[in-house]
Amino acid sequence: MSFELPKLKYAFDALEPNIDARTMEIHHDKHHAGYTNKLNAAISGTDLEGKTIENILINLDKSNGAVRNNGGGYYNHSLFWEIMSPNGGGTPSGELGDAINSAFGSFDAFKEAFSNAAATQFGSGWAWLCVQEGGKLEVCATPNQDNPLMPGTGCGGTPILGLDVWEHAYYLNYQNRRPDYIGAFFNVINWDEVSIRYAQGK
């Protein structure tokens, strides 16, 4: 069974002005589609065929660059589209809100830690909020298309929020102003979806 490019649940222009329509279109239809097609090619005829993307990444042979890069790219973007919404923003409540306050002291302190991880990731990569078994939260960053499911990435746990800081994710609108893009991301976070993923991950 081949992996399929997931459809967006909102229009390309739905996240404007925070993320522009042209960036969304290229990011989804070109970049994510490319990772999907190359992942399918990389696993075709191997024992990875038919496995879930999570299973592939958790048991990844990191020397397999094609599966590492394209499997990561497929998974990371699939998460990214889901945790954004035209009706996003605000602050999380309930269990997730309590867990953020417990781990970081306050939502503002979490926002600072997450934004710093995204801003200081050198070159291309991702910033993550991960949940460990038992519900503890952690912020980290990974290079390129690596993610916390992969062995030895230094974060561990299950990613429930991820921010793409590759230049293709923001350069048309923000040029080199990555901090402005990071700030805008908080206006479109779908905290309801992140809360569901927190409950499943813990």
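## Here we look at the overall build of the protein chain
Move 1: Counting secondary structure elements, the protein chain contains 8 helices and 3 strands.
Move 2: Seen in sequence order, the protein chain has helices and strands lined up from the N terminus as α-α-α-α-α-β-β-β-α-α-α.
Move 3: Against the compact-globule benchmark of 17 Å for 202 residues, the protein chain has a radius of gyration of 16 Å, which places it among compact chains.
Move 4: With the C-alpha coordinates of the protein chain rotated into their principal frame, the extents come out at 50 × 40 × 30 Å.
Move 5: Going through the 202 residues of the protein chain one by one, you find that 49% of them count as buried.
Move 6: Taking the intrachain contacts of the protein chain between residues at least 6 apart in sequence as the baseline, contacts between residues at least 24 apart amount to 68%.

## Topic: helix H3 (residues 65-82)
Move 1: Across its 18 residues, H3 extends 26 Å between first and last C-alpha, which sits within 8% of the 26 Å expected from 1.5 Å per residue.
Move 2: A large share of H3 lies buried, amounting to 13 of its 18 residues.

## Thoughts on the state of the cysteines
Move 1: Applying the stated rule across the entire model yields 1 disulfide.
Move 2: Covalent S-S linkage joins Cys 140 and Cys 155, the inter-sulfur distance amounting to 2.1 Å. Torsion about the S-S bond of the Cys 140 and Cys 155 cystine: about -105 degrees, corresponding to left-handed handedness. With a gap of 15 residues between them, Cys 140 in strand E2 (residues 137-143) and Cys 155 in the loop between E2 and strand E3 (158-164) connect regions that are remote in the sequence.
Move 3: Of all cysteine sulfurs, the one in Cys 155 lies closest to Cys 130, which takes part in no disulfide; the gap is 3.3 Å.
Move 4: Judged by its relative accessible area of 0%, Cys 130 falls in the buried class.

## Describing the sheet that holds E2
Move 1: Pairing within the open sheet is antiparallel, and its 3 strands lie in the order E2-E1-E3. Here the strands that pair on one side only, and so sit at the sheet edges, are E2 and E3. Across the sheet, the axes of successive neighbouring strands diverge by a mean angle of 25 degrees, strand direction being ignored.
Move 2: Bridge analysis of strand E1 (residues 125-131) against E3 gives 6 bridges, and the strand direction is antiparallel. Bridging from a neighbouring strand, Trp 128 pairs with Gly 162 of E3.
Move 3: Lying over the sheet, H3 contacts E1 and E3, oriented at roughly 85 degrees with respect to E3.
Move 4: Here helix H4 (residues 94-104) sits on the sheet and contacts E1, E2 and E3; the angle it forms with E2, its principal contact strand, is near 80 degrees.

## Describing unusual backbone geometry
Move 1: The step from Glu 16 to Pro 17 runs through a cis peptide bond, and the omega angle for that step is 5 degrees.
Move 2: Relative to the assigned elements, Pro 17 resides in the segment before helix H1 (21-43).
Move 3: One non-glycine residue with positive phi stands out, namely Gln 175, at about 50 degrees.
Move 4: Within the element layout of this structure, Gln 175 appears in the loop between helix H6 (171-174) and helix H7 (178-185).
Move 5: Relative accessible area serves as the criterion here: at 31%, Gln 175 is assigned to the partly exposed category.

## Some remarks on helix H8 (residues 191-201)
Move 1: Every buried residue of H8 is accounted for by Trp 191, Glu 193, Val 194, Tyr 198 and Gly 201. The buried residues of H8 all sit within an arc of 155 degrees when viewed along its axis, so they share a single face. Among the exposed residues of H8, those oriented more than 90 degrees off its buried face are Asp 192 and Gln 200.
Move 2: The elements touched by buried residues of H8 are H3, H4, helix H5 (107-120), E1, E2 and E3.

## Some remarks on the environment of Glu 16
Move 1: Locating Glu 16 in the fold gives a position in the segment before H1.
Move 2: Glu 16 gets classed as partly exposed once you look at its relative accessible area, which sits at 41%.
Move 3: Each C-alpha atom, one on Glu 16 and one on Pro 92, is 21 Å from the other, the two residues being 76 residues apart in sequence.
Move 4: Within the structure, the side chain of Glu 16 is placed 2.9 Å from the backbone nitrogen of Ala 21, a separation counted as a polar contact.

Scoring rules and cut-offs
- Note on numbering: residues in each chain are counted from 1, in written sequence order.
- Whole-chain, interface and lining totals are the exception, using all residues; otherwise, since this is a predicted model, local features are given only for residues with pLDDT of at least 70 and side-chain atom pairs are given and counted only at 80 or more.
- Remark: hydrogens and water are excluded; side-chain values derive from all non-hydrogen atoms of the structure.
- Helix numbers and strand numbers start at the N terminus; a helix is a DSSP run of H or I with at least 4 residues, a strand a run of E with at least 2.
- For a compact globule the rule gives 2.2 Å times the number of residues to the power 0.38, and the radius of gyration it is set against comes from C-alpha atoms.
- For each residue, the accessible area found with a 1.4 Å probe, counting protein chains only, is set against the maximum for its type, and the residue is called buried under 20%, exposed over 50%, and partly exposed in between.
- Residue contacts are defined here by distance: any two heavy atoms, one from each residue, within 4.5 Å place the two residues in contact.
- Helix span is expected to be 1.5 Å times the residue number reduced by one.
- To count as a disulfide, a pair of cysteine sulfur atoms needs to be within 2.5 Å.
- Note on pairing: DSSP must find at least two bridges between two strands before they are called paired.
- All axes here are fitted lines through C-alpha atoms, helices being fitted over the stretch that makes contact, and every angle between N-to-C directions spans 0 to 180 degrees.
- Arc, as used here, means the arc of the directions from the helix axis to the C-beta atoms.
- Counting of polar contacts relies on pairs of N or O atoms within 3.5 Å, with two restrictions inside protein: one atom must be capable of donating a hydrogen and the other of accepting it, and residues adjacent in sequence are counted only when both atoms are side-chain atoms.

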